[in-house]
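# Architecture and fold: a report
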Amino acid sequence: MQLCAAIIKIKQIQLAVIRVEPEHTWPNTGPAALERAQLFFPTLPILLLAPRVGGFSRSYSTFDIGPLAGQINPDEIEWQAYRPPPPPELPF
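The structure presented is a predicted model; accordingly, all values stated were derived computationally and were not measured. (Residues numbered from 1 in each chain as written. Predicted model: local features only at pLDDT ≥ 70, side-chain atom pairs only at ≥ 80, totals over all residues. Heavy atoms only, no water.)

A word on the overall build of the protein. Of regular secondary structure, the protein possesses two helices and five strands. When its helices and strands are written in sequence order, the protein yields β-β-α-β-β-α-β. When the backbone C-alpha atoms are referred to their principal axes, the protein occupies close to 55 × 30 × 20 Å. Counting all 92 residues of the protein, 35% fall into the buried class. Taking contacts inside the protein between residues at least 6 apart in sequence as the whole, the part at least 24 apart equals 63%. (Helix = DSSP H or I, 4+ residues; strand = E, 2+ residues; numbered from the N terminus. Buried < 20%, exposed > 50% of the residue type's maximum accessible area, 1.4 Å probe, protein only. Contact = heavy atoms within 4.5 Å.)

Structure representation (structure tokens):
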């Protein structure tokens, strides 16, 4: 499994932005997508962001994105492919 994501900084806030299909920004599917993304970015706040369609982009997060939304343009983000970290080695 891999994610298309980026780590961005807005107003001194560093967050992980995960590119998802619009159906993963709904309240009934967003939490599961966030849980998967936390495997990749366990220490960062995460924003799920759908591609812009007709000038509008859907998003989902567990924090208030309102004050930052005007500064996030999915067309300008430099997306990268992220793979999950390898499992930790056993101590024995």
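Now for the confidence of the model for the protein. For the protein, the mean per-residue pLDDT works out to 88, and 99% of the residues sit at or above 70. Mean pLDDT across the elements of the protein ranges from a minimum in helix H2 (residues 66-69), with 82, to a maximum in strand S3 (residues 46-49), with 94. (pLDDT = per-residue confidence, 0-100.)

This part is about the environment of Pro 67. Within the secondary structure layout, Pro 67 lies in helix H2. When its relative accessible area of 51% is taken as the criterion, Pro 67 is described as exposed. Along the sequence, Pro 67 and Lys 11 sit 56 residues apart, while their C-alpha atoms lie 9.7 Å from each other.

The next point concerns the packing of aromatic side chains. Under the counting rule described, the total for this entry stands at two aromatic pairs. Centroid distance Phe 40 to Phe 41: 6.5 Å. Interplanar angle 35 degrees. Geometry classified as tilted. Judged by its relative accessible area of 10%, Phe 40 falls in the buried class. Assessed through its relative accessible area of 5%, Phe 41 is described here as buried. Note on Phe 41 and Tyr 82: the rings are 5.0 Å apart at their centroids and 70 degrees apart in plane angle, and the pair reads as edge-to-face. Pair noted here: Phe 41 is in the loop between helix H1 (30-38) and S3 and Tyr 82 is in strand S5 (residues 80-82), with a separation of 41 residues, a long-range link. Within the aromatic cluster, the residues linked to one another by ring pairs are Phe 40, Phe 41 and Tyr 82. (Phe/Tyr/Trp six-rings, centres within 6.5 Å; stacked < 30°, edge-to-face > 60°.)

Relative to the helices and strands, Phe 56 is located in the loop between S3 and strand S4 (59-60). Residue class for Phe 56 comes out exposed when judged on its relative accessible area of 54%. As a C-alpha pair, Phe 56 and Pro 74 span 18 residues in sequence and 9.9 Å in three-dimensional space.

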